[in-house]
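# Inside the fold
What follows is each chain in one-letter form.
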Amino acid sequence: MKKISIMIPCYNEVENVEPMSFAVVNVLEETLSRYDYEIVFIDNCSTDGTRDKLEQICANNKKIKAIFNVTNFGQFNSPFYGLCQTTGDCTIAMCCDFQDPVELIPRFVEEWEKGHRIVSGIKTSSKESGIIYFLRTVYYKMIKNMSSVQMIEHFTGFGLYDKTFIALLKELDDPLPFIRGIVAEYGAGFNVKEIAYEQSKRRAGKTHNNFYSLYDAAMLSFTSYTKVGLRLATFLGFVCSAVSILIAIVYTVLKLINWNGFSMGIAPLTIGVFIIGGIQLFFIGLIGEYILNINTRIIHRPIVVEEKRINFDDE
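Residues numbered from 1 in each chain as written. Predicted model: local features only at pLDDT ≥ 70, side-chain atom pairs only at ≥ 80, totals over all residues. Heavy atoms only, no water.

## Focus: unusual backbone geometry
- The backbone of N12 shows a phi angle near 55°, a positive value even though the residue is not glycine.
- Note on placement: N12 falls in the loop between β1 (3–10) and α1 (17–30).
- Positioned with a positive phi, C45 is a non-glycine residue whose angle comes to about 65°.
- Looking at the element boundaries, C45 is found in the loop between β2 (36–43) and α2 (50–60). (Helix = DSSP H or I, 4+ residues; strand = E, 2+ residues; numbered from the N terminus.)

Structural data, given as structure tokens:
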């Protein structure tokens, strides 16, 4: 009997973990009853009672497992680690807030049985804020055009992954795993199938995404899969240097020949200093993001450190 794993990362989802577990179990036992299953929740150090709920859920169903992290390891590390802990013939990753439709699980499995080893859920529309969706669209298109790999637009990680792809994830040994980029980079060899869906609103609770988390996601993809920032800094630095040298030469010549009593004062110099200084600071910050990315990889801390496991005893 084939085994399906469902991996659900969560952080402060006390209102959603129980309904989510019921919904997933219902789909698996009624629609996919010919398969064995496991559900793995990985909690990123919740503080709102989510862990108490998970302990109750796991006590009532031994096929539901939980991993508690010692601290919050971020929105990418924890799900990646959770994927690597599953034992099924395929693993479906989905959020705990019901924005990823549970109803798509049978469709994913159907496509998997047809030979697609990765089945990606693609948001073609969303019930979230129209402005947010528009900004996400702009971001995806920008990264896709600048990236060295073919990024998938509106792919958040929601999808099915065959055990052969999970085995690849375990071999990567990447302290900064970015599942969207990994799927884009290696997906061609795994016969990817894209399934369109409309993203729903959160069932309950508040989103944990904010400007910092969204910026962190954007910079991780930018610094991991593009060179355009560094190339742009080099190119623009060259242009600014050339223009500065040209202006300096022209200014010096006009001053030497005292062309029509030539005098420009300090205004152009002041403006130039601020413009060039602003450009320098921007690219110093951008280069700093690349260095931070490199530093994290060199330090190579564990992706996640566990505090506790539940219902993994038989393994």
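## Some words on the packing of aromatic side chains
- Counting across every chain of the model gives five aromatic pairs.
- Taken together, a centroid distance of 5.2 Å and an interplanar angle of 80° make the contact between F76 and F178 edge-to-face. Of this pair, F76 sits in helix α3 (residues 74–84) while F178 is found in the loop between α6 (163–172) and α7 (179–186), placing the two residues 102 residues apart along the sequence.
- Taking the relative accessible area as the measure of exposure, F76 reaches 10% and is therefore buried.
- On the numbers, 5.5 Å between centres and 20° between planes, the contact of Y161 with F165 is stacked. Here Y161 matches F165 in class, with each residue buried.
- Put simply, the rings of F108, F158 and Y197 touch in pairs and so form one group of aromatic residues. (Phe/Tyr/Trp six-rings, centres within 6.5 Å; stacked < 30°, edge-to-face > 60°. Buried < 20%, exposed > 50% of the residue type's maximum accessible area, 1.4 Å probe, protein only.)

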